[in-house]
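# Examining the three-dimensional arrangement
What follows is the residue order along each chain.
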Amino acid sequence: MNRVPRLLRAAAHELWLPALLVAVLWAVTVRHHSFFFPSLPRILRAFRDLWLFDRLGSDAVPSVLNLLAGLLLAGLVGVALGLLLGRAGWLYDATRPVLEFLRAVPGIALVPVALVLLGTGDGMKAAVIAYGTVWPILLGTMDGVRSLDPTVVAMADSYRLPRGLRLLRVVLPGAAAQIMAGARVSVALGVVLIVASEYTASTHGIGYLQLQSQRTFDIPEMWASLLLLGILGYASNLAFRALESRLLRWYTGQRAAGQGDPLS
């Protein structure tokens, strides 16, 4: 019964500042606007016409699907490789120079290489997103595995748990908080890489349409595309927070119990 009022209070606490900024922008841009900074009502009309009707299926949906595919691939590779390198210290020492070299190369810089190797299709875009977002997940997984409580590891050894059971019941739960922290950073990076992967040799997508609007001086559509990217980033963060709270419910409950204990 108290859940709905609590959610409403949380929404009001989080959205009051954006609502105030929208109201201020509305008032200022309606009275004082220029060609390069159109009024907020014009931008919202362009957003409605562009992203709610005309370009939703042809541009917005493919961009979101590429984002999801890239994040999924980055999650699978990052967690699997992070578990391996976190458990095998000698392997991490051997591969560390290569990993540091690859991590220093931004995903945006690999767009020309990806175009040559993978072409201009959606697979190239998903691969660029996966490359740019895998590193926070990989590093978070490695840190989580290497910072496991030695007592828990010793107990698993004493019970002679099989390797698969130890991985599922001890290692992954112990590293889950760091994995999710890295994944949250990856979600934000993925939204940035959507635009970067669609700026070059692309025929559809949010970034492509924003670039075309800038080139043709359709300024309201350009700002409408930027608004959509912001909404997409915020919505993806909300979805990830909901997933994180569900997957780490035991972890947050454990921390709350520890903070409530005066002897902890």
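Shown above is the structure to which this text applies.
Residues numbered from 1 in each chain as written. Predicted model: local features only at pLDDT ≥ 70, side-chain atom pairs only at ≥ 80, totals over all residues. Heavy atoms only, no water.

So, on to empty space enclosed by the protein. All told, the structure shown has one cavity of 30 Å³ or more when counted by the stated rule. What the largest cavity holds in volume is close to 50 Å³. Listed by contribution, the elements that provide at least two residues to the lining of the largest cavity are helix 4 (89-104) and helix 6 (122-146). The greatest single-element share of the lining of the largest cavity, amounting to five residues, is contributed by helix 4. By residue class, the composition of the lining of the largest cavity is six nonpolar, no polar and three charged. (1 Å grid on protein atoms, 1.4 Å probe; cavity = no way out; pocket = protein on both sides within 12 Å on 5 of 7 lines; lining within 4 Å. Points joined across faces, edges and corners; volume = space filled by probe spheres on them. Helix = DSSP H or I, 4+ residues; strand = E, 2+ residues; numbered from the N terminus. Nonpolar A, V, L, I, M, F, W, Y, C, P; charged D, E, K, R; others polar.)

Quick look at the packing of aromatic side chains now. Across all of its chains, the model carries two aromatic pairs by this definition. Ring plane angle 45° and centroid distance 5.8 Å describe the contact between F37 and W223, whose orientation is recorded as tilted. With a gap of 186 residues between them, F37 in the loop between helix 1 (3-31) and helix 2 (40-54) and W223 in helix 10 (residues 219-247) connect regions that are remote in the sequence. Judged by centre distance (5.8 Å) and plane angle (85°), the ring pair of Y131 and W135 falls under edge-to-face. Of this pair, Y131 and W135 both sit in helix 6, four residues apart, which is roughly one turn of that helix. (Phe/Tyr/Trp six-rings, centres within 6.5 Å; stacked < 30°, edge-to-face > 60°.)

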